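Topology and contacts: notes
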Amino acid sequence: MAATQNSDPEKSLKKVMTLYGAALFLGLVISIYTHHIEDVGGFLTFLVPAAVVYFLVLFAFFKDGMFRKIAYGTMALIGLASLFMIFYLEISGGGH
């Protein structure tokens, strides 16, 4: 019996990335209870927008045209902000 192959690799990649995001954010929600996080409101203030941004960028990435450009721009902004925070926290002593 021959295995059926998915002829659209982009569709399967989207499925994998969606499942990855769901597992990632559900794992973070579960960590509230397993790690006894005291500031649950603050943690959820980070977690909910992060999940929304992840799934919106994922949705935009798999659309053609302008949506894909928006996804690339958003990923670039997140990357630049991350690099900025590395140096900012080192200079300001915001690390450990």
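Our subject in this report is the structure included herewith. This one's a predicted model, so the numbers in the text were calculated from it and none came from an experiment.

What follows deals with the pattern of salt bridges. Per the stated rule, a full pass over the model turns up one salt bridge. In this structure, the salt-bridge partner of glutamate 10 is arginine 68, at a minimum N-O distance of 3.8 Å. One end of the pair, glutamate 10, is in helix α1 (residues 9-34); the other, arginine 68, is in helix α3 (residues 66-92), and 58 residues separate them in sequence. Assessed through its relative accessible area of 21%, arginine 68 is described here as partly exposed.

The next subject is helix α2 (residues 40-61). Spanning 22 residues, α2 covers 31 Å between terminal C-alpha atoms, matching the ideal 32 Å at 1.5 Å per step. On its buried face, α2 is in contact with α1 and α3.

About the criteria used
Residue numbers run consecutively from 1 along every chain, following the written order of its sequence. Note on the predicted model: pLDDT of at least 70 is required for a residue's local features to be given, and 80 or more for side-chain atom pairs to be given and counted; whole-chain, interface and lining totals, by contrast, use all residues. Hydrogens are left out, water is left out, and the side-chain values use all remaining heavy atoms of the structure. The working definition used for a salt bridge is a side-chain nitrogen of Lys or Arg within 4 Å of a carboxyl oxygen of Asp or Glu. Helix and strand labels come from DSSP, where a helix needs a run of H or I of at least four residues and a strand needs a run of E of at least two; each type is numbered from the N terminus. Partly exposed describes any residue whose relative accessible area lies between the buried limit of under 20% and the exposed limit of over 50%, with all areas from a 1.4 Å probe on protein chains only and scaled to the type maximum. Every helix has an expected span of 1.5 Å times one less than the residues it contains. Two residues qualify as a contact provided that any one of their heavy atoms is within 4.5 Å of a heavy atom in the partner residue.

Spatial relationships are all this shows, so hold off on functional conclusions.
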